[in-house]
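Each chain, letter by letter, is given below.
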Amino acid sequence: MTAGLPFLFVASGTGISPFHSFVKQYEGLDYQVLHGVRLAEESYEREEYESGRYIACTSQDEKGDFHGRVTDYLIANPVNSDTLCYLCGNCDMIHDVFDILEKQGVKSENILTEVYF
Amino acid sequence: MKYHLVTLGCQMNHADAERVQAVMAKLGYGVTDKEEEADVIGIIACSVRQKAIDKVYSKISKWNKWKNKKNLVTFVSGCILPDDQQKFLKLFDLVFDMKELSSFPIMLSQYGVTTPVSNTPRVHDADMEEVARPASVAEKLNLAGARPVSKVAAPPQTWEVEPVYNSSFEAFIPIQNGCNKFCTFCAVPYTRGREVSRPSADILEEARNLIEKGYKSITLLGQNVNSYGLDKKGEEISFAALLDRLGGMADASGQDVWIYYTSPHPRDMTRDVIEAMARHRSLAKQVHLPVQSGDDKVLIRMNRKHSMARYREVVGWIHDLLPTATLFTDVIVGFTGETDEQFEKTRAAMREFKYNMAYIAMYSPRPGAASFAWQDDIPHTVKKERYAQLTEDLEKEAIVHTKKMKDQMIRILVRGKDRKDGYLSGHTEGKIVVRFASDDESLIGTFVDVKIESVRPFSVEGELVTEKVAI
Ligand code: SF4
């Protein structure tokens, strides 16, 4: 596994499901999870991740870790260009995040996608 | 007693049908191509295409009417979505998954059908099951160091039944069933389930038998052949190693055979697959590499899980290692949300990769596929324009290849009578269609040399020069 490189997991809704088994499988991973949900109560997988690594981006309430969409979070918090990015969930979210990451210098081959809906 | 079988859909369904035919033959049924004559009628269905599924409904309503006048048993199997399966249960006498094919004789007998075989004195379930059991499997052989397959009992698969081949010179060997890719336009992962690889030793045995019988064209079938073996978690060889062993065995056999495979996936294709193809003369120099779209964003929406950069890399290996190979592809135009600019990128891909052939489809949502829930927002007229434009682009590229064949002597496998009266046709190693004047049907199933006299984008015509040559 591309040791030492930072990982970014971006999910919308149920698109979060593949990520927790991934982080469990590769212990010691340097990762950040961005989970786009409408309300903070929908961030049901928070406890699966080490504290500080999971950020719920809530678009319809202010009870999450960040108020706004995952795209807003990424614009406010650019990633390093060597980050390996996994995007999973809604296709429109994936397209928007893909554009932002490319603008931030991440190569397209380092952006893996899984369209759920 | 006679049976009639209707097969719809892809080559995988046709390979499954050959196994159903084998079971029916062992049960003592004769085949008829007239459905009115049959005592049992079956259909190998395809839920993946709406037209095919409509055909199933129209056929069964006709057959069910015949039941007022005669004894008739109907069955359906194949690639079926759960929704369709529920409906079929009410319409057909027997509905079974291809994986249950070995139990089909029992189902027929339990349905009260007296099969020709069960008319003989002893009829027990065990005997009936025997009818559909594999005649021979890998454990009989220690093939080229093939590794043992999983120790955990795998679910039964259609390939465990020996097929009746419909041709005496070309055959299809299923090597894998199911798909884990979940392209958003495709229902196959929902109809055929997850990827299951057939033991390599069984594949090698089936191929060896076919080659010994003189088969000239063998196609390995799987939804995503490049992930062959991965489901066995290290207990099975890779697709490249499988090709290498098949190529080695075929080369050493002294027989002339072209071995093909379909379909590979650009994301999982590895350079060693192409290297294996380059190493063995029996591995045909033809690659069918689906591109589907030339635009990265459309590929994301399709959930193809590869970029154009990745596709380019794979085609680069093919050009480097197999300079004479032909390149075929699949393209979908008018996929949900495809803009004019995105379509232009597909046109650019057509020019860049200079395909010999492309199967272009206008997008239509398929029940069961993820994209079925999305608005099919590209008007039909636009899809038709894109289809026509891309076909024109393809023709321009393809004719550059066929023009190079003019005046050349080309070896072909004769496959049958051509639509043009007094002509036979076949294909080159690269699967380019060739026709020539002859009514000598004894040439069908042999290799011949043809001197090419005229060319079109996807086919060429010439004069027969040498009969029944070796490749
Ligand atoms: S790779 Fe995609 S198109 Fe091919 S069978 Fe699998 S899901 Fe369908």
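Reading guide: rules and limits
- Residues numbered from 1 in each chain as written.
- Chains lettered and ligands numbered in written order.
- Predicted model: local features only at pLDDT ≥ 70, side-chain atom pairs only at ≥ 80, totals over all residues.
- Heavy atoms only, no water.
- Pairing = 2+ DSSP bridges.
- Helix = DSSP H or I, 4+ residues; strand = E, 2+ residues; numbered from the N terminus.
- Contact = heavy atoms within 4.5 Å.
- Buried area = accessible area lost by both parts, 1.4 Å probe.
- Salt bridge = Lys/Arg side-chain N within 4 Å of Asp/Glu carboxyl O.
- Polar contact = N/O pair within 3.5 Å; in protein donor to acceptor, adjacent residues only side chain to side chain.
- Nonpolar A, V, L, I, M, F, W, Y, C, P; charged D, E, K, R; others polar.
- Domains from an automatic or database assignment.
- Phe/Tyr/Trp six-rings, centres within 6.5 Å; stacked < 30°, edge-to-face > 60°.
- Buried < 20%, exposed > 50% of the residue type's maximum accessible area, 1.4 Å probe, protein only.
- Right-handed = clockwise from strand over helix to strand, strands pointing away.
- Near = heavy atom within 4 Å.
- Axes fitted to C-alpha atoms, helices over the stretch in contact; angles between N-to-C directions.
- pLDDT = per-residue confidence, 0-100.
- UniProt positions renumbered as here; feature names shortened; annotations may be inferred.

**Student:** I tried to follow the sheet that holds strand 3 (residues 54–58) of chain A on my own but got confused; where do I start?
**Tutor:** Backbone hydrogen bonds are what pair the strands of a sheet, in a parallel or an antiparallel way. All names here are of chain A. Strand order in the open sheet formed by six strands is 4-3-2-1-5-6, and the pairing between neighbours is parallel. Unpaired on one side and paired on the other, strand 4 (66–67) and strand 6 (111–115) mark the two borders of the sheet. Across five bridges, strand 2 (residues 31–37) lies against strand 3 in parallel orientation. By the bridge assignment, H35 is partnered in strand 3 with A56.

**Student:** So what exactly am I meant to see when it comes to the interface of chain A and chain B here?
**Tutor:** Accessible area lost upon the coming together of the parts serves often as the stated size of an interface. Of the residues lining the interface, 11 residues belong to chain A; the matching set on chain B comes to eight residues. Three residues stand out in chain A for area buried against chain B, namely A:H95, A:T113 and A:V115, and they jointly supply 42% of the buried area on that side. One can count three salt bridges joining chain A with chain B. The interface formed by chain A and chain B includes five residue pairs in polar contact (both at pLDDT 80 or more). Put simply, the parts of the chain that give the side of chain A that touches chain B at least two residues each are helix 3 (91–103) and strand 6 of chain A. If one sorts the elements of the side of chain A that touches chain B by residue count, helix 3 of chain A sits on top with six residues. In terms of residue class, the side of chain A that touches chain B is built from six nonpolar, two polar and three charged.

**Student:** Is there a simple way to think about the domain arrangement of chain B in this case?
**Tutor:** All names here are of chain B. Its domain assignment divides chain B into domain 1 (2–143), domain 2 (167–284), domain 3 (286–403) and domain 4 (409–466). On a C-alpha basis, the centres of domain 3 and domain 4 stand 29 Å from each other. Across the boundary between the two partners, domain 3 contributes 11 residues, which contact nine residues of domain 4. Surface buried jointly by domain 3 and domain 4 totals about 830 Å² across both partners, of which 78% is contributed by carbon and sulfur atoms. Where domain 3 meets domain 4, there are two residue pairs in polar contact (both at pLDDT 80 or more). Counting only elements with at least two residues in the side of domain 3 that touches domain 4, the list comes to strand 12 (326–333) and helix 13 (380–403). When the residues that make up the side of domain 3 that touches domain 4 are grouped by side-chain class, the tally is five nonpolar, four polar and two charged.

**Student:** I tried to follow the packing of aromatic side chains on my own but got confused; where do I start?
**Tutor:** Each aromatic ring pair is summarised here by two numbers: the centre-to-centre distance and the angle between the ring planes. Residues and elements named next belong to chain B. Applying the stated rule across the entire model yields 26 aromatic pairs over all chains. Centre to centre, the rings of F335 and Y363 are 4.8 Å apart; their planes meet at 80°, and the pair counts as edge-to-face. Taken together, the residues span a long stretch of sequence, with F335 in the loop between strand 12 and helix 12 (340–353) and Y363 in the loop between strand 13 (357–362) and helix 13 at a distance of 28 residues. What makes F335 buried here is its relative accessible area of 0%.

**Student:** Looking at this structure, how should I read the pairing of strand 6 of chain A?
**Tutor:** Where burial is concerned, the two faces of strand 6 of chain A differ: the one with A:I111, A:T113 and A:V115 is buried and the one with A:L112 and A:E114 is not. Read from strand 5 (residues 84–89) of chain A through helix 3 of chain A to strand 6 of chain A, the crossover connection turns out right-handed.

**Student:** Whenever I open this one, unusual backbone geometry confuses me. Can you help?
**Tutor:** All names here are of chain B. In this model, T262 is joined to S263 through a cis peptide bond whose omega is -5°. Within the secondary structure layout, S263 lies in the loop between strand 10 (258–262) and helix 9 (271–279). The phi angle at N303 is positive, at roughly 60°, despite the residue not being glycine. On the accessibility criterion, N303 (0% relative accessible area) is buried. In this structure, D407 takes a positive phi of about 70° despite not being glycine. Inspection of the secondary structure assignment puts D407 in the loop between helix 13 and strand 14 (409–417).

**Student:** For this particular structure, what's the right way to read the side chain of B:Q223?
**Tutor:** Residues and elements named next belong to chain B. Within the element layout of this structure, Q223 appears in the loop between strand 9 (217–221) and helix 8 (239–253). Within polar-contact distance, the side chain of Q223 engages the backbone nitrogen of G178 at 3.2 Å. Sequence-distant contacts of Q223, that is, excluding residues within four places in its chain, are made with M12, Q176, N177, G178, C179, V188, R192 and S263.

**Student:** Any chance you could explain the site of the ligand here in plain terms?
**Tutor:** All residues in the neighbourhood of the ligand are listed as B:C179, B:K181, B:F182, B:C183, B:F185, B:C186, B:V188, B:P189, B:Q223, B:H265 and B:R304. Taken together, the residues of the shell around the ligand break down into seven nonpolar, two polar and two charged.

**Student:** Please clarify how the sheet that holds strand 9 of chain B should be interpreted in this entry.
**Tutor:** Residues and elements named next belong to chain B. Strand order in the open sheet made by the three strands is 6-9-10, with parallel pairing throughout. Each edge of the open sheet carries a strand with a single partner, namely strand 6 (170–174) and strand 10. The average angle at which neighbouring strand axes cross in this sheet is 20°, direction not considered. Bridging between strand 6 and strand 9 involves five bridges; their strand directions are parallel.

**Student:** Teacher, can you tell me more about the confidence of the model for chain B here?
**Tutor:** If pLDDT is low for a region, its predicted coordinates should not be looked at in detail. All names here are of chain B. Scored by pLDDT, chain B has a mean of 88; 90% of the residues are at 70 or more. Note that pLDDT drops below 50 for residues 118–153; the model gives that stretch 56 contacts with residues more than four away or on any other chain. Listed scores for the predicted complex are pTM 0.81 and ipTM 0.78.

**Student:** Please explain the UniProt feature "domain: Oxidoreductase FAD/NAD(P)-binding" (unreviewed entry) in chain A as it appears in this structure.
**Tutor:** The feature "domain: Oxidoreductase FAD/NAD(P)-binding" (unreviewed entry), as annotated in UniProt, sits at residues 9–97 of chain A in this numbering. Here residues 9–97 of chain A is 26% helix and 27% strand, with 11 Å between the C-alpha atoms at its ends.

**Student:** Before we go on, may I ask you to explain the environment of A:G68 in this structure?
**Tutor:** Residues and elements named next belong to chain A. Along the chain, the position of G68 falls in the loop between strand 4 and helix 2 (70–76). A relative accessible area of 11% places G68 in the buried class. Setting aside chain neighbours within four positions, we find G68 in contact with C57, T58 and S59.

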